[in-house]
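Examination of the molecular architecture
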Amino acid sequence: MENNTYRFKSDELESDTPILLTVYLKSWPKIVFFLTIGTLLLLTQNIGLIIMGIIFIAMCAANIIIVKNRKVLLIRDNDLVVYDNMDSSYCYKVSYDDIAVYNMETVQSRSFFTVTTNSGEVIEAPTSDSRIIKTLRNRIPEKEKFERWKKEVADRKKARSL
């Protein structure tokens, strides 16, 4: 079987392929949510809640100032483009045909989108954006880890009942 996974400079990415979803490192809706909660907590008259509000606002400010917002993943018509975690000037292009399994995983309170290729290579993207799974379910539902697990359980139940 031919390997359809390539690592290359991200500026060499062809721009004529339609992009279905672009995922960035920073989750702006979450940042805005916690800034809003922090501001509302500041308006209370409870000192504990005010301190918690200050902590929320400080964490959001640190995220806005310190963390560099960069592309993490592109979902296109026929492939995924996953940007390298260490050097964002490089990315991996993974054809849908070369994906064995994809999944959203959490390890030590950090969320990752992982793709395992047919050759066994594991490619990770640091994100918890659920739109990735929703988009890929529409394109390649049979390769999602949860869907495979459900099918295996149904097959085992069917085998036991025979």
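What you see is a predicted model, and the numbers here were worked out from it, not measured in a lab.

What counts and what doesn't
- Residues numbered from 1 in each chain as written.
- Predicted model: local features only at pLDDT ≥ 70, side-chain atom pairs only at ≥ 80, totals over all residues.
- Heavy atoms only, no water.
- Phe/Tyr/Trp six-rings, centres within 6.5 Å; stacked < 30°, edge-to-face > 60°.
- Buried < 20%, exposed > 50% of the residue type's maximum accessible area, 1.4 Å probe, protein only.
- Helix = DSSP H or I, 4+ residues; strand = E, 2+ residues; numbered from the N terminus.
- Patch = residues over 30% accessible without salt bridge, like charges linked within 9 Å, V, L, I, M, F, W, Y side chains within 5 Å.
- Areas by Shrake-Rupley, 256 points an atom, 1.4 Å probe, with all protein chains shown as cover.
- Salt bridge = Lys/Arg side-chain N within 4 Å of Asp/Glu carboxyl O.

1. Brief notes about the packing of aromatic side chains
For the structure on display, the rule yields three aromatic pairs. When the centroid spacing of 5.1 Å and the interplanar angle of 80 degrees are considered together, the rings of Phe 33 and Phe 34 count as edge-to-face. The partly exposed category is assigned to Phe 33, whose relative accessible area is 47%. Residue classification places Phe 34 among the partly exposed residues on the basis of a relative accessible area of 35%. On the basis of an interplanar angle of 85 degrees and a centroid distance of 5.5 Å, the ring pair of Phe 34 and Phe 56 is categorised as edge-to-face. Linking Phe 34 in helix H1 (residues 28-42) with Phe 56 in helix H2 (residues 47-66), this pair joins segments that are 22 residues apart in sequence.

2. Some thoughts on a nonpolar patch on the surface
A cluster of nonpolar side chains, Trp 28, Ile 64, Ile 65, Ile 66 and Val 67, forms an exposed patch at the surface whose accessible area comes to about 500 Å². If one sorts the elements of the nonpolar patch by residue count, H2 sits on top with three residues. Along the chain, Ile 64 falls in helix H2. Using a relative accessible area of 34% as the deciding quantity, one classes Ile 64 as partly exposed.

All quantities given are derived from atomic positions and should not be read as evidence of function.
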